[in-house]
Amino acid sequence: MAVDELQAIIQRCQILEEADFSGEDFNLFQVAGQKCLEDGYAAQLLEVVQNEKNKVIIKNMGWNLICPLVRCILVYKQEDDNREHCLKILDLLVQLCNAKELFLGLLEQIEQISGEQVCKTVMLLLQPLQTVLFKLQNKKAYSVGLSLAVIMNQLTPLPVPYTKQQIQEDKLGLCQCCNAVVDFAKPFVNEVVKNVEKSSECNDTELKEELLKFCMKSLKYPLLTAQLDQLESIEEHPFRRFATEIIDILWDMRELIQLVFSHHKGKSQSWENEEFADMEQKNSADSLACLSYLMFVQYFGFDYFPMVFSPSYLLQCNMAHIEVLLKSSSFFFSPLLQDLFESTLLRMEDNSLLHQYLEFSNFITVPQDLVKVMTLCPIEHLRKKSLNILQLFINKFDAEGKYTLFRCLLKTSNHAGVEGYVIKNIKDQIHLALMVDDNSWFTGHHLISLLDLVLLLPDGAETDLLQNSDRIMASLNLLRYLMIKDSEYDNRTGIWNMLAKIEQNFLKPLHVGLNMSKAHYEAEIKNKKENRKDSNSSNTISSVTVSGEKMPAMTPEMQLQVLRSALFTFDLIESVLARVEELIEVKIKAV
């Protein structure tokens, strides 16, 4: 029945001139052809398409068969004869149909798919689409760019395989599809390369720009989220191959090096809508960050890289990319940014980074953001790695740079643990300064200015000692060290001229705060013990407030343990405080 209907419309159209084909003829041909495919008469449809007499009809109407053809090809099994017939029909349509109409039909089919069929459909239509693009005479560059944009837009929602097993299974076919898309783009890249080689400037700048957009999109997806470092053991890792191909394309088009060293520009002038301009700028920044990661951490295309740049200049360039990743909620806790930062720092010698680099804003904002990772990240090994990277960053600066960075972190971290860590670093730098005679930043009046930020309680006697215990202990240990190492006769640090101020701003308020805190927690322990005696059960669940924060519900015994632990912390602070005051008293008496 379906074949008869098709033959009827074919016979009718055979006697018409091309210009006389009506809209009804197009609709009848499409419906009859679709029925043939759906009813299993692909062989008969193939004969119609192959018939030389029908050449004009197929040229004008054949592109309407793309949608049912693709649907049937995806449904039929690999060994089914009907599938083979459908593939032959598709090849003939590519040869016979109007290129412009077929191009739009192929793109429309790619745009309409979703889910599990995306990669299968894209890989099926890449070769026909490539052939059609070569046939187009006008707006070829635009058509290539549109094709790549549509394909990447369809692939982007798909999840990137993460583990070794996921990559090997490649359930959605994303790994295979990405590499197929690169192969699809290569002939057009070769066109650009030939033009570049013929003259110093590329004549086909439009095509080059479209291919560059494709590379930038590929860097953001899938490469920015692909786990390249964990999966080197996989033979022929598909994303590693994909990354290599993208880097090679950029190199061949003479864009690689200038992209690596490009600084983030302002909003694109091509967008009137500010929201679109912001989006384009962010996407570009993410792509450039990924490019730096591929080159400096994974060493893709490193052979192309000129070895003439100083490590400090490379750090300056990469700080912009690191800042972008840290500002992005998607990559705030990403190991990718940590690896890029660490790799760039390891190229430098300690104490070699000049303090003037801190005049660049991202040299200040990046360590501040790194502190947020250290304190907010739920993953322990990433917190620890961030701490190690912060220490690496500190180590690279000269003395004035370290001094400036310490002041900044003390003022902005708002975290007692981080402040305690910075104070420990200050102590280490003072120790080095006392061993040499040429470091004025951690002795004398510079150090006194820094100690004004260290040897004080943020809220005086009312400071929450438990919450600030890390900072307080580090400050007391630093003060004890200065009392022992810097004699009152040498006074190279100037600490002996500060005793009155230290006593007023730090030691006295600390004494008062300790007495108040201990009295409060001892009263809490007494109340808990009395409540436990009155209660029939020792397993009653209730909550307790420690250091201003409500603790999770716990039994009375657990509450007592928490309160005793707080008292132990106060005793520890008190013992170090007593030792500091003893040292001060002994030194003053000796003088």
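- As annotated in an unreviewed UniProt entry, the chain carries the name GLMN protein and comes from Crypturellus undulatus.

### Side note on the overall build of the chain
Then step 1. Each helix and strand counted, the chain has 25 helices and 2 strands in total.
Then step 2. The buried share among the 591 residues of the chain stands at 50%.
Then step 3. When the accessible surface of the chain is totalled, it reaches about 29400 Å², and 50% of it is carbon and sulfur.

### With respect to helix α6 (residues 81-96)
Then step 1. With 16 residues, α6 should reach 22 Å at 1.5 Å per residue; the first-to-last C-alpha distance of 23 Å fits that figure.
Then step 2. Where α6 is buried, its residues touch α2 (23-38), α3 (42-50), α4 (55-61), α5 (66-75), α7 (99-112) and α8 (117-135).
Then step 3. The opening residue of α6, the one whose side-chain oxygen lies 2.9 Å from the backbone nitrogen of N82, is D80.

### Here we look at the packing of aromatic side chains
Then step 1. Scanning all chains against the criterion turns up 22 aromatic pairs.
Then step 2. Ring geometry for Y403 against F442: centres 6.0 Å apart, planes inclined by 70°, an arrangement best described as edge-to-face. Of this pair, Y403 sits in helix α20 (residues 399-412) while F442 is found in the loop between α21 (416-435) and α22 (444-454), placing the two residues 39 residues apart along the sequence.
Then step 3. With a relative accessible area of 6%, Y403 lands in the buried category.
Then step 4. Clustering of aromatic rings is evident, with ring pairs tying together F261, F296, Y299, F302, F305, F309 and Y313.
Then step 5. Across the ring face of Y481, the terminal group of K427 is positioned such that the distance to the ring centre comes to 5.1 Å.

### Let's talk about a nonpolar patch on the surface
Then step 1. On the surface, L432, M435 and V436 cluster together to form a nonpolar patch covering roughly 290 Å² of accessible area.
Then step 2. Mapped onto the secondary structure, M435 falls in helix α21.
Then step 3. For M435, a relative accessible area of 59% gives the class exposed.

### Some details on the pattern of salt bridges
Then step 1. If you walk through the whole model with that rule in mind, you get 23 salt bridges.
Then step 2. Here K186 ties to E245 by a salt bridge, and the two come within 3.1 Å at their closest N and O atoms. Residue K186 is located in helix α11 (residues 174-198), and its partner E245 is located in helix α13 (residues 238-252); the two are separated by 59 residues in the primary sequence.
Then step 3. Taking the relative accessible area as the measure of exposure, K186 reaches 28% and is therefore partly exposed.
Then step 4. The salt bridge involving E342 is made with K385; its shortest N-O contact spans 3.5 Å. Residue E342 is located in helix α17 (residues 335-346), and its partner K385 is located in helix α19 (residues 380-396); the two are separated by 43 residues in the primary sequence.
Then step 5. Taking relative accessible area as the criterion, E342 reaches 24% and is therefore assigned partly exposed.
Then step 6. One salt-bridge network, held together by shared partners, links D183, K186, R241 and E245.

### Things to note about the packing of α8 against helix α9 (residues 140-155)
Then step 1. Contact geometry of α8 with α9 gives a least axis separation of 11 Å together with a crossing angle of 180°. As judged from the angle between their axes, α8 and α9 are roughly antiparallel. Each of V118, C119, V122, L126, L129, L133 and F134 in α8 lies in contact with α9, whose residues at this interface are K140, S143, V144, S147, I151, Q154 and L155.

### Focus on the nonpolar core
Taken as a class, soluble globular proteins show a tendency for nonpolar side chains to be buried jointly.
Then step 1. One finds L155, L294, F341, I495 and L510 to be the most contacted residues of the largest nonpolar core, which totals 190 residues.
Then step 2. Residues within four places of F341 in sequence aside, it is in contact with L315, M319, I322, V366, L370, I389 and F393.

### Looking at the side chain of E245
Then step 1. E245 gets classed as buried once you look at its relative accessible area, which sits at 14%.
Then step 2. A distance of 3.1 Å separates polar atoms of two side chains, one belonging to E245 and the other to K186.
Then step 3. The residues contacting E245, other than those within four sequence positions of it, are V182 and K186.

### Notes on the environment of L358
Then step 1. By the element assignment, L358 lies in the loop between α17 and α18 (362-376).
Then step 2. Linking L358 and L405, residues 47 residues apart in sequence, is a C-alpha distance of 8.0 Å.
Then step 3. If sequence neighbours within four positions are ignored, L358 has contacts with F363, I364, F397, G401, T404 and L405.

### Side note on the packing of helix α1 (residues 2-14) against α3
Then step 1. Where α1 meets α3, the closest approach of the two axes is 10 Å, and the angle between their N-to-C directions is 10°. Taken together, the axes of α1 and α3 are roughly parallel relative to one another. The chirality of how α1 crosses α3 is right-handed. Taken together, the residues of α3 that come into contact with α1 (itself represented by V3, L6, Q7 and I10) are Q44, L45 and V48.
Then step 2. Split by residue class, the contact of α1 with α3 holds 5 nonpolar, 2 polar and no charged.

### So, the environment of L256
Then step 1. Within the element layout of this structure, L256 appears in helix α14 (residues 256-260).
Then step 2. Sequence separation of L256 and F305 is 49 residues, and the distance between their C-alpha atoms is 9.0 Å.
Then step 3. Discounting residues that sit within four places of it in the chain, L256 has contacts with I247, L250, W251, L291, M295 and Y304.

### Points about α17
Then step 1. Look at α17: 16 Å from first C-alpha to last across 12 residues, which is about the 16 Å you get at 1.5 Å a residue.
Then step 2. Burial of α17 is extensive: 9 of the 12 residues sit out of reach of the surface.
Then step 3. The set of residues buried in α17 consists of L336, L337, Q338, D339, L340, F341, S343, T344 and L345.

### So, the confidence of the model for the chain
Then step 1. When pLDDT is averaged along the chain, the result is 87; 89% of the residues meet or exceed 70.
Then step 2. Low pLDDT, under 50, characterises residues 264-273; the predicted model gives this stretch 17 contacts beyond four residues in sequence or across chains.

### Thoughts on unusual backbone geometry
Outside of glycine, negative phi angles account for most residues, and trans bonds account for most peptide bonds.
Then step 1. At the junction of Y221 and P222, the peptide bond is cis and its omega measures out at 10° in the coordinates.
Then step 2. As for its placement among the helices and strands, P222 is situated in helix α12 (residues 205-223).
Then step 3. Despite not being glycine, K139 has its phi angle at roughly 55°, a positive value.
Then step 4. Note that K139 resides in the loop between α8 and α9.
Then step 5. In the Ramachandran plot, Y299 falls in the positive-phi region, its phi being about 65° despite a non-glycine side chain.
Then step 6. In this structure Y299 comes out as partly exposed when scored by relative accessible area, which is 48%.

Basis of the calculations
Residue numbers restart at each chain and count upward from 1, following the sequence in its written direction. pLDDT decides what is reported in this predicted model: residues at 70 or higher carry local features, side-chain atom pairs at 80 or more are listed and counted, and totals for whole chains, interfaces and linings draw on all residues regardless. The side-chain numbers reported here are obtained from all heavy atoms of the structure, hydrogens and water having been left aside. Secondary structure follows DSSP: runs of H or I at least 4 residues long count as helices, runs of E at least 2 residues long count as strands, and numbering of each begins at the N terminus. Categorising residues by exposure relies on relative accessible area from a 1.4 Å probe, with only protein chains included: less than 20% of the type maximum marks a residue as buried, more than 50% marks it as exposed, and the intermediate range marks it as partly exposed. Per-residue and other accessible areas were derived by the Shrake-Rupley procedure at a 1.4 Å probe size, with only the shown protein chains allowed to occlude residues. The length a helix should cover is 1.5 Å for every residue beyond the first. What makes two residues a contact is simply this: any of their non-hydrogen atoms within 4.5 Å. Any pair of N or O atoms that falls within 3.5 Å is considered a polar contact. Within protein, one atom must be able to donate a hydrogen and the other to accept it, and sequence-neighbouring residues count only if both atoms are side-chain atoms. Put simply, two rings from Phe, Tyr or Trp (the six-membered ring, in Trp's case) pair if the centres are within 6.5 Å, and we call them stacked under 30 degrees between planes, edge-to-face over 60, tilted for the rest. Charge-over-ring contacts are defined here by two conditions on Lys NZ or Arg CZ: a distance within 6 Å of the ring centre and an angle within 35 degrees of the ring normal. Only residues whose relative accessible area exceeds 30% and that take part in no salt bridge are eligible for patches, with like-charged residues grouped when within 9 Å of each other and nonpolar side chains (Val, Leu, Ile, Met, Phe, Trp, Tyr) grouped when within 5 Å. Any carboxyl oxygen of Asp or Glu within 4 Å of a side-chain nitrogen of Lys or Arg constitutes a salt bridge here. Lines fitted to C-alpha atoms define the axes, with helix axes restricted to the stretch in contact, and inter-axis angles between N-to-C directions lie between 0 and 180 degrees. Each angle is binned into one of four classes, with values under 35 degrees roughly parallel, values over 145 roughly antiparallel, values of 65 to 115 roughly perpendicular, and all other values oblique. As used here, the term nonpolar core means buried Ala, Val, Leu, Ile, Met, Phe, Trp, Tyr and Cys residues forming a set that is joined through side-chain atoms within 4.5 Å. Definitions for this section: a left-handed crossing has its near helix turned counterclockwise from the far helix by less than a right angle. A right-handed crossing has that turn clockwise. When residues are grouped by polarity, Ala, Val, Leu, Ile, Met, Phe, Trp, Tyr, Cys and Pro land in nonpolar, Asp, Glu, Lys and Arg in charged, and all others, Gly among them, in polar. Confidence scores labelled pLDDT are given residue by residue by the predictor and lie between 0 and 100.

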